[in-house]
Amino acid sequence: MPPARHRDEPAQPLGSELLQDAAGMFAMLATPVRVHILWLLAHGGQDVGTLAENTGQSLATVSHHLGKLKLAGLVRDQRDGKRRIYVAADPHVLDLVLGVIERRLANDDVTGRRRRA
């Protein structure tokens, strides 16, 4: 495993508002269905019905989580006729989600078994 990445410059003090915002973003990603939605949207826009089918969740559940993700600025929607297509809106958060999941998938392939947190 590669060592943890460190910045070369000294850490600057952080304000409580910035820390609260960062913690809020991590809290937004602490729900498995939201991570699953972002994973799916990283591979292209989808409507709520398709997301519900692909996550195994109800339409109401997916709509609820999409609303929270939208308020957080992580997804946006666009009209396609009568449908709303949801797309990922924050490439940095998407990189984080993809990086974590792809690393776990690669580790599962190497070890040949699934791990549980």
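Attention in this report is confined to the structure presented alongside it. (Residues numbered from 1 in each chain as written. Predicted model: local features only at pLDDT ≥ 70, side-chain atom pairs only at ≥ 80, totals over all residues. Heavy atoms only, no water.)

### So, the pairing of strand β3 (residues 83–88)
Note the cut-off: The rule for pairing is simple: two strands pair if DSSP sees at least two bridges between them. Only DSSP runs of H or I reaching four residues or more are called helices, and only runs of E reaching two or more are called strands; each is numbered from the N terminus.
Alignment of strand β1 (residues 46–47) against β3, held across two bridges, turns out to be antiparallel. Within β3, the residue paired with Gln-46 across the bridge is Tyr-86. The sheet contact formed by strand β2 (residues 75–80) and β3 spans six bridges and is antiparallel. Bridging from a neighbouring strand, Gln-78 pairs with Ile-85 of β3. The hairpin formed by β2 and β3 contains two residues between the paired strands, and Gly-81 there has a positive phi angle of roughly 65 degrees.

### Regarding the nonpolar core
Soluble globular proteins tend to bury their nonpolar side chains together. Convention followed: Here, nonpolar core refers to any group of buried Ala, Val, Leu, Ile, Met, Phe, Trp, Tyr and Cys residues whose side-chain atoms link them within 4.5 Å. Think of it in three bands: with a 1.4 Å probe and only protein chains considered, a residue is buried below 20% of the maximum accessible area for its type, exposed above 50%, and partly exposed in between.
Ile-37, Leu-38 and Leu-51 are the most contacted members of the largest nonpolar core, which totals 21 residues. Broken down by secondary-structure element, the contributors of at least two residues to this core are α2 (32–41), α3 (48–55), α4 (59–71), β3 and α5 (91–111). Top element by residues in this core is α2. It accounts for six residues.

### Here we look at α4
Applicable threshold: Each residue after the first adds 1.5 Å to the expected span of a helix. Arc definition: it is the arc formed by the directions from the helix axis to the C-beta atoms. Contacts are assigned to residue pairs that have any heavy atoms within 4.5 Å of one another.
Helix length check: α4, at 13 residues, gives a terminal C-alpha distance of 18 Å against a target of 18 Å (1.5 Å per residue), a fit within 8%. Within α4, the full set of buried residues consists of Val-62, His-65, Leu-66 and Leu-69. End-on view of α4: buried residues confined to an arc of 105 degrees, all on one side of the axis. Pointing more than 90 degrees away from the buried face of α4 are the exposed residues Ala-60 and Leu-71. Here the buried face of α4 lies against α1 (16–28), α2, α3, β2 and β3. The positive-phi residue at the C-terminal boundary of α4 is Gly-73, with phi of around 80 degrees.

### Some remarks on a nonpolar patch on the surface
As a reminder of what qualifies: To count toward a patch, a residue needs a relative accessible area above 30% and no salt bridge. Like charges then connect within 9 Å, nonpolar side chains (Val, Leu, Ile, Met, Phe, Trp, Tyr) within 5 Å. Computed with the Shrake-Rupley method and a 1.4 Å probe, the accessible areas treat only the protein chains shown as cover for residues. Should a side-chain nitrogen of Lys or Arg be within 4 Å of a carboxyl oxygen of Asp or Glu, the pair is scored as a salt bridge.
Among the surface-exposed residues, Leu-14, Leu-18 and Leu-19 lie close enough to one another that they form a single nonpolar patch of about 280 Å² accessible area. With respect to the secondary-structure elements, Leu-14 resides in the segment before α1.

### Some words on the side chain of Gln-46
Position of Gln-46 relative to the elements: it lies in strand β1. Not counting residues within four places of it along the chain, the set of residues in contact with Gln-46 comprises Leu-40, Leu-41, Leu-51, Asn-54, Arg-84, Ile-85 and Tyr-86.

### What about the packing of α2 against α3?
Threshold: Angular values range over 0 to 180 degrees, each being the angle between N-to-C directions of two axes fitted as lines to C-alpha atoms, with helices fitted over their stretch in contact. In a left-handed crossing the near helix is turned counterclockwise from the far helix by less than a right angle, and in a right-handed crossing that turn is clockwise. Only Asp, Glu, Lys and Arg are considered charged in this grouping, and only Ala, Val, Leu, Ile, Met, Phe, Trp, Tyr, Cys and Pro are considered nonpolar; every other residue, Gly among them, is considered polar.
Contact geometry for α2 and α3: axes closest at 10 Å, N-to-C directions at 115 degrees. For the pair α2 and α3, the crossing hand works out as right-handed. Mapping the contact onto sequence places His-36, Ile-37, Leu-40 and Leu-41 in α2 and Leu-51, Asn-54 and Thr-55 in α3. Here the contact of α2 with α3 is composed, by residue class, of four nonpolar, three polar and no charged.

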